[in-house]
Amino acid sequence: MAIESVFPFESDQWRYQSSSVALSTSNIVRTNLASGYNSNDWKHPQFDDTSWAEGQGLIGGRTATSINAARANTILDIGSFGNGYPAVYFRKSFEVIDADDVTSLTFSTIMDDGLIVYLNGKEMFRENMKDGTVTYNDFALRSSNETESFETEVPLAPGDLLEGTNTLSIELHNSSGNSSDLGIDVALSLSRPAGEPIINLPESALITARLKLEDEWSATVSGTFLLEHPADASNLVISEINYNPREATLLEKLNAAPLDLENKDLFEFIELTNTGATSINLADLSFTEGISLSLSPYPVAPGERALIVRIGTLFSNDMVRDLPA
Ligand SMILES: [Ca+2]
Ligand SMILES: [Ca+2]
């Protein structure tokens, strides 16, 4: 597994709502079709949280040092003594590239006292909360140990993680209305299968790779990776052959100086045409008889022609600008 950090502890741009207002219960989620879950729900990625307060983790109260694991960067209003808020709501968005590759998320959490974590409107896990439907008024099962963080790895189902922007929603519950503290911080990482480094090719290419294990390199392996269709008999024709050409005229020889134009064979060429509807690539193409030649990756657009020549410079010379079409 390759582990990548998504965001660390003490990240900013958390949104939170700390008040006596109850938001929707834990059974109203993306996976519960009958629940009426929609973008007005605080767990929904498109929910408008711009009116919520913004802060940096750890977000906690009643004071900056109430949560024992770390000092709060944002002080949380946890309600009045004896009548503290049972729950406070949090949201945070983050970006993921190549989401389909990701197999699990790992949450590192500092928490007082219990919580339910949702990803894009689906419950990922809960800790120190009762089973079943949890409402705003439910307290955590017990006081938590907030002196250190704990890790929770959650395997992902297809569609859980979105390409691009994703949204975490968390309801954090206190252990009682008399509790002196309430707070949270989360660091998130993700796992992808190992051995799958992604190389984005700008063009078709021959790739040679080798592995290094400690100080030792493996032998190389090579492969040609094409962005176009491979050329074959269905999309490629020999459209012109210039075999054993006539002698250059005096004028051609004059214009071509100082090249040696006496060897007419140097001017032989074969023209290939892409007769297909999509771009093709000539990589690894060879002739079965007559010409010993294996071609390197070379893309040819639909209708485009490619010339196989002995010496390229001869064909960029003035003398061939009037080649018959
Ligand atoms: Ca506590
Ligand atoms: Ca507490």
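Note that this is a predicted model, so its numbers are computed, not measured. (Residues numbered from 1 in each chain as written. Chains lettered and ligands numbered in written order. Predicted model: local features only at pLDDT ≥ 70, side-chain atom pairs only at ≥ 80, totals over all residues.)

## Topic: the pairing of strand 11 (residues 122-127)
Along any regular strand, the residues point their side chains to alternate faces of the sheet. For clarity, the cut-off: Here, a strand pair is defined by DSSP locating no fewer than two bridges between the strands. By definition, any uninterrupted DSSP run of H or I lasting at least four residues is a helix, any uninterrupted run of E lasting at least two residues is a strand, and each is numbered from the N terminus.
Sheet topology places strand 10 (residues 114-119) next to strand 11; five bridges connect them, and they run antiparallel. The residue bridging Y118 from the neighbouring strand is E123, located in strand 11. From the end of strand 10 to the start of strand 11, which pair antiparallel, there are two residues, and N120 there has a positive phi angle of about 50°.

## A look at the pairing of strand 8 (residues 87-96)
Relative to strand 8, strand 2 (residues 14-17) runs antiparallel, the two being bridged by three bridges. Paired with Q17 across the bridge in strand 8 is Y89. Across 10 bridges, the pairing between strand 8 and strand 13 (residues 164-173) is antiparallel. Looking across to strand 13, one finds that E95 is bridged to T165.

## Quick word on the sheet that holds strand 20 (residues 236-242)
Test applied: All axes are obtained by fitting lines to C-alpha atoms, using only the stretch in contact for helices, and the reported angles, taken between N-to-C directions, cover 0 to 180 degrees.
With antiparallel pairing, the three strands of this open sheet are ordered in space as 20-21-24. Every other strand in the sheet has two partners, leaving strand 20 and strand 24 (305-309) as the edge strands with one partner each. Averaged over all adjacent pairs, the angle separating strand axes in this sheet is 25°, with direction ignored. The pairing of strand 21 (residues 269-274) with strand 24 spans five bridges and is antiparallel.

## Description of unusual backbone geometry
Residues apart from glycine generally show negative phi values, whereas peptide bonds are mostly found in trans. The line we're drawing: Here a residue counts as buried when 20 or more other C-beta atoms sit within 10 Å of its C-beta, as exposed when there are 12 or fewer, and as partly exposed otherwise, the C-beta atoms being derived from the backbone.
In this chain, G57 is followed by L58 through a cis amide linkage whose omega measures -5°. Inspection of the secondary structure assignment puts L58 in the loop between strand 3 (53-55) and strand 4 (59-61). Phi angles above zero are rare outside glycine, and Q13 is one such case at about 60°. Summarising the element assignment, Q13 is placed in the loop between strand 1 (2-7) and strand 2. Q13 gets classed as partly exposed once you count the C-beta atoms within 10 Å, which come to 13.

## Comments concerning the confidence of the model for the protein
Heads up, the rule is: pLDDT expresses, on a scale from 0 to 100, how confident the predictor is about each individual residue. A pair of residues counts as a contact when their C-beta atoms, built from backbone coordinates, are separated by no more than 7 Å.
The pLDDT averaged across the protein works out to 89; a share of 92% of its residues lies at or above 70. Below a pLDDT of 50 lies the segment residues 317-325, which in the model reaches eight contacts outside its immediate sequence neighbourhood of four places, other chains included.

## Remarks on the sheet that holds strand 23 (residues 299-300)
Spatially, three strands are ordered 19-22-23 in an open sheet, and the strand pairing comes out mixed. With partners counted over all chains shown, the strands left at the sheet margins are strand 19 (229-230) and strand 23, one partner each. Pairing of strand 22 (residues 280-281) with strand 23, which is carried by two bridges, proceeds in the antiparallel orientation. If you follow N281 over to strand 23, its bridge partner there is P299.

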